[in-house]
Amino acid sequence: MKDQVAGFGEKDKEVAAVCGLYCRACSLFIASTEDPARLERIARMFSTTPEDAACFGCRSSKRAPVCRNCDFVACAAGRGVEFCSECTEYPCAELTEFQAAKPHRAELWEDLNRIRDEGWRTWLAEVEKRYACSACGTRNSAYDLACRSCGAEPSCAYVERHGERVRRHLQK
């Protein structure tokens, strides 16, 4: 039966972005919830304060400046869908352009299809494992090439699959 994973409630949906991204693996989410020094660095990069930069997920009441006016959130709400993959126009040109622009979006199609086919709870259980360090279990972002806790490389299964693309992006 679809989406029968125990342990995830509606509050957990806050980290399941409309576009299919997993917010808990975002560098800004990690900084906002676990790493104040990282949040300071990110805030400086965007010429803002840590309070303004903080983000607790796509569907939370506290979102980063870049996420506050997300076109996908507005579009989904206007179409009455919770995720882009539920839309009759999926995948649209805007989502296709978004997916191709950054390496942390490499598995967006697989994620959105999994959300559509199996439900967001099932997807969330799977994606949490994808970003966990196999050595210590710490959740890492796609841009953490080494585990931010124990230093293991690669930091997680996502980086193992897409590390070269991430490295090229970080060298720009």
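Values in this document were obtained by computation on a predicted structure and should not be read as measured data. (Residues numbered from 1 in each chain as written. Predicted model: local features only at pLDDT ≥ 70, side-chain atom pairs only at ≥ 80, totals over all residues. Heavy atoms only, no water.)

Visitor: Looking at this model, I keep getting lost on the nonpolar core. Mind explaining?
Guide: Nonpolar side chains in soluble globular proteins generally cluster together in the buried interior. Counting 34 residues, the largest nonpolar core has Cys 19, Leu 95, Leu 124 and Tyr 131 as the members making the most contacts within it. When residues of this core are traced back to their parent elements, those giving at least two are α5 (71-79), α6 (93-101), α7 (108-118), α8 (120-130) and α9 (157-170). At four residues, α8 tops the list of elements feeding residues into this core. Residue contacts for Leu 124: discarding those within four places in its chain leaves Phe 8, Asp 12, Val 15, Tyr 22 and Arg 24. Counting nine residues, the second-largest nonpolar core is a separate cluster that includes Leu 28, Ala 53, Ala 54 and Ala 64. (Core = buried A, V, L, I, M, F, W, Y, C linked by side-chain atoms within 4.5 Å. Buried < 20%, exposed > 50% of the residue type's maximum accessible area, 1.4 Å probe, protein only. Helix = DSSP H or I, 4+ residues; strand = E, 2+ residues; numbered from the N terminus. Contact = heavy atoms within 4.5 Å.)

Visitor: In this structure, what is going on with the pattern of salt bridges? I would like to understand it.
Guide: Any two side chains of opposite charge can pair, so long as their charged atoms come close to each other. Counted according to the given criterion, the structure contains 19 salt bridges. The residue Glu 10 makes a salt bridge to Lys 13 at a minimum N-O spacing of 3.6 Å. A residue is classified by how much of its surface remains accessible, and Lys 13, at 7% relative accessible area, is buried. Members of the salt-bridge network, linked through shared partners, are Glu 10, Lys 13, Glu 82 and Arg 121. (Salt bridge = Lys/Arg side-chain N within 4 Å of Asp/Glu carboxyl O.)

Visitor: What is the right way to read the side chain of Thr 138 from this model?
Guide: The residue Thr 138 is located in the loop between α8 and α9 in this model. Residue Thr 138 is classed as buried on the basis of its relative accessible area, which comes to 17%. For Thr 138, the side chain forms a polar contact with the side chain of Ser 149, separated by 3.5 Å. Once you skip the residues sitting within four places of it in the chain, Thr 138 turns out to touch Tyr 131, Ala 132, Cys 133, Cys 147, Arg 148 and Ser 149. (Polar contact = N/O pair within 3.5 Å; in protein donor to acceptor, adjacent residues only side chain to side chain.)

Visitor: Looking at this model, I keep getting lost on the side chain of Asp 111. Mind explaining?
Guide: Inspection of the secondary structure puts Asp 111 in helix α7. Of note is the side chain of Asp 111, whose polar atom sits 3.2 Å from the side chain of Trp 123. Apart from residues no more than four positions distant in its own chain, Asp 111 is found in contact with Gly 20, Trp 123 and Arg 130.

Visitor: Would you mind going over the packing of helix α1 (residues 27-34) against helix α2 (residues 36-45) with me for this structure?
Guide: A pair of packed helices can be characterised by two numbers: the angle between their axes and the separation between those axes. One way to put it is that α1 packs onto α2 with a least axis distance of 6 Å and a crossing angle of 130°. Accordingly, the angle class assigned to the pair α1 and α2 is oblique. Viewed along their axes, α1 and α2 form a crossing whose handedness is left-handed. The residues of α2 that touch α1, namely those facing Ser 27, Leu 28, Ile 30, Ala 31, Ser 32 and Glu 34, are Pro 36, Arg 38, Leu 39 and Ile 42. Considering only residue class, the contact of α1 with α2 consists of six nonpolar, two polar and two charged. (Axes fitted to C-alpha atoms, helices over the stretch in contact; angles between N-to-C directions. Parallel < 35°, antiparallel > 145°, perpendicular 65-115°, else oblique. Left-handed = near helix turned anticlockwise from the far one by under 90°. Nonpolar A, V, L, I, M, F, W, Y, C, P; charged D, E, K, R; others polar.)

Visitor: I tried to follow the environment of Trp 123 on my own but got confused; where do I start?
Guide: Among the secondary structure elements, Trp 123 is positioned in helix α8. For the pair Trp 123 and Asn 113, spaced ten residues apart in the sequence, the C-alpha separation amounts to 9.5 Å.

Visitor: What should I look at first to understand the packing of α6 against α7 in this one?
Guide: At a minimum axis distance of 10 Å, the contact between α6 and α7 shows a crossing angle of 130°. The angle between α6 and α7 places the two elements in the oblique class. Residues Leu 95, Thr 96, Phe 98 and Gln 99 of α6 pack against Leu 108, Trp 109 and Leu 112 of α7.

Visitor: Even after reading the chapter, I still don't get α8, so can you show me in this structure?
Guide: For an α-helix, 3.6 residues make a turn, and residues three or four places apart therefore share a direction. Along α8, the residues classified as buried are Trp 120, Arg 121, Thr 122, Trp 123, Leu 124, Val 127 and Arg 130. Structurally, α8 contributes buried residues whose contacts are with α7 and α9.

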